[in-house]
Structure formats: C-alpha cells, structure tokens
Amino acid sequence: MLILNIFLTILGLFTLVYLESILLALMGLKLSVIIFFFLFRKVDSKIFFIISFVAFLVLDVVYKLPLGSNVLIISVPLLLYLLISLFISLDFGLVAFLVKTVIFWVYYIILITVPNLFVVGRFGALTWDEVLRALLRAFLTTIVVFILDYILAGFRRRGNSSQIRLK
C-alpha cells in the first residue's frame, strides 16, 4: 500500500507539472497555488506540507528558479491567509472572496518581483500593466478555488461518507 501511495504521488507530481505548464501558458494561472489553497486544512497537515514542499521544489527546477523560491514565495500569502483567518472566516461569502483575491494578488505580484531578486540580486520591475494582470489572475484563481470548494461541499452534503448507498 505504501509503494502504491508513493507511485501515485510521483505520478501526481508529473501530472501537476504538465497541467501547470499548460494552464500557465494559456491563462497565466498557477495550478499549484490553486491546489495548495484548495487542499489547505482539508488534508492531513504533515502529509500536505511534505508533498507541497516536494512539489514546489520540482516546480523550482522546472522553471529554473533557485531551489526553495516557490516555497518562500507561497509562504508570504499563506502567512497572510493565516493571519486574516484568525479574525475572519475565509470559507464562503463576499468578504472571503475579496480577501482571497487580495491574497492571490499579493502572490502574483511577489511572483513577478522576487524571483529576479534571487537570480540577479534586485527586485524585478513592476508596471501597472503587470499589476492589473496580476489582479485579473488573482480574480480568476479565486473563482477557481471557490468553485472547487463549492463542488467539494456538494459532495459532502450528500450524506454520511462512511455509508454506501445503493439507488
């Protein structure tokens, strides 16, 4: 069973890299961030952070960034998310939507500016066009995360997950 889980994890990482490359090329969205914030607090935290760490390291290699860049970049929005979630429920609602949009906006702006700092030693240039694109990407990312949350909530409402029902 352990070997099967490891095999499925490795296969999932390859699938993530493939789908993220497609989604990034088509719409500029980072699938890894969508999956990260969708699964955060829904999966066992030890396993979740280990797999996320490995996935972000693999994405560092694929995108030719210094190792650990994605982990550092995702940690800022995650800490912001945790800080805001102490005061506001970020599950559903307009406020949760706006807060998550701002959090993803911060992520995409950091993604534009910080990798250049790691490679060259200074922050990347940020134009108004890039800020607006980051806002659009953040809005689309938030919509995708809310749709996934809504779909998951629909599956959970159907009844007790430990019982099998025949219709």
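That block above? That's the structure.
So, here's what we can say about the structure.

What counts, and where the lines are drawn
- Residues numbered from 1 in each chain as written.
- Predicted model: local features only at pLDDT ≥ 70, side-chain atom pairs only at ≥ 80, totals over all residues.
- Heavy atoms only, no water.
- Patch = residues over 30% accessible without salt bridge, like charges linked within 9 Å, V, L, I, M, F, W, Y side chains within 5 Å.
- Areas by Shrake-Rupley, 256 points an atom, 1.4 Å probe, with all protein chains shown as cover.
- Salt bridge = Lys/Arg side-chain N within 4 Å of Asp/Glu carboxyl O.
- Helix = DSSP H or I, 4+ residues; strand = E, 2+ residues; numbered from the N terminus.
- Contact = heavy atoms within 4.5 Å.
- Expected span 1.5 Å × (residues − 1).
- Buried < 20%, exposed > 50% of the residue type's maximum accessible area, 1.4 Å probe, protein only.
- 1 Å grid on protein atoms, 1.4 Å probe; cavity = no way out; pocket = protein on both sides within 12 Å on 5 of 7 lines; lining within 4 Å.
- Points joined across faces, edges and corners; volume = space filled by probe spheres on them.
- Nonpolar A, V, L, I, M, F, W, Y, C, P; charged D, E, K, R; others polar.
- Phe/Tyr/Trp six-rings, centres within 6.5 Å; stacked < 30°, edge-to-face > 60°.
- Bend = angle between axes of the 7 residues up to and from the residue.

1. Here we look at a nonpolar patch on the surface
A cluster of nonpolar side chains, contributed by M1, L4, F7, L8 and L11, occupies part of the molecular surface with about 560 Å² of accessible area. Mapped onto the fold, L4 is located in helix α1 (residues 2–27).

2. Looking at the side chain of D149
By the secondary structure assignment, D149 is in helix α6 (residues 128–157). Not counting chain neighbours up to four residues away, the residues in contact with D149 comprise F38, K42, F92 and K100.

3. Observations regarding helix α4 (residues 69–85)
Owing to its 3.6 residues per turn, the α-helix aligns residues three or four sequence positions apart on the same side. In a regular helix each residue adds 1.5 Å, so 17 residues correspond to 24 Å; α4 covers 25 Å between its end C-alpha atoms and thus fits that length. Within the span of α4, buried status applies to S69, N70, I73, I74, P77, L78, Y81 and S85. Tucked into the core, α4 has its buried residues touching α2 (31–39), α3 (45–62) and α5 (94–119).

4. Focus on the layout of surface pockets
Of the pockets and cavities examined, the largest pocket occupies roughly 390 Å³. Looking at the largest pocket, it is lined by 19 residues, and the ones nearest its centre are L16, I35, L39, I51 and S52. Of all the secondary structure elements, the ones that give two or more residues to the lining of the largest pocket are α1, α2 and α3. Looking at which element gives the most residues to the lining of the largest pocket, the answer is α1, with 7 residues. Residues that form the lining of the largest pocket fall into these classes: 14 nonpolar, 5 polar and no charged. For the second largest pocket, the calculated volume is near 250 Å³. Residue lining of the second largest pocket: 15 residues in total, with F40, K42, D91, F92 and D149 positioned closest to the centre. Contributing elements (two or more residues each) for the lining of the second largest pocket: α2 and α6. Taken together, the residues of the lining of the second largest pocket break down into 9 nonpolar, no polar and 6 charged.

5. Considerations on the packing of aromatic side chains
Between two aromatic rings, the relevant description is the distance of the centres plus the angle of the planes. A complete count under the given rule lists 14 aromatic pairs for this structure. With centroids separated by 5.5 Å and ring planes inclined at 85°, the aromatic side chains of F97 and F139 adopt a geometry described as edge-to-face. Of this pair, F97 sits in helix α5 while F139 sits in helix α6; the two residues are 42 residues apart in sequence, bridging distant segments of the chain. Judged by relative accessible area, F97 falls into the buried class, the value being 17%. Centre to centre, the rings of Y107 and Y108 are 5.3 Å apart; their planes meet at 70°, and the pair counts as edge-to-face. Comparing Y107 with Y108 shows no difference in burial state: the two are buried. Taken together, the ring pairs connect F36, F37, F40, F48, F49, F56, Y81 and F104 into an aromatic cluster.

6. Let's talk about α5
Taking 1.5 Å of rise per residue, 26 residues should cover 38 Å, and α5 covers 38 Å from first to last C-alpha, within 8% of that figure. In α5, a bend of some 35° at L111 exceeds every other bend along the element, and P115, a proline, comes one to four places later. One or two steps after α5, the chain reaches G121, where phi turns positive at roughly 105°.

7. Examining the pattern of salt bridges
Under the counting rule described, the total for this entry stands at 4 salt bridges. In this structure, E20 and K30 form a salt bridge, with 3.1 Å as the shortest nitrogen-oxygen distance. You can see E20 sitting in helix α1 and its partner K30 sitting in the loop between α1 and α2, a full 10 residues away along the chain. Judged by relative accessible area, which is 0%, E20 ranks as buried. Classification of K30 as buried rests on a relative accessible area of 3%. Between K42 and D149 there is a salt bridge, and its shortest N-O distance comes to 2.9 Å. Placement of the pair is K42 in the loop between α2 and α3 and D149 in helix α6, with a sequence separation of 107 residues.

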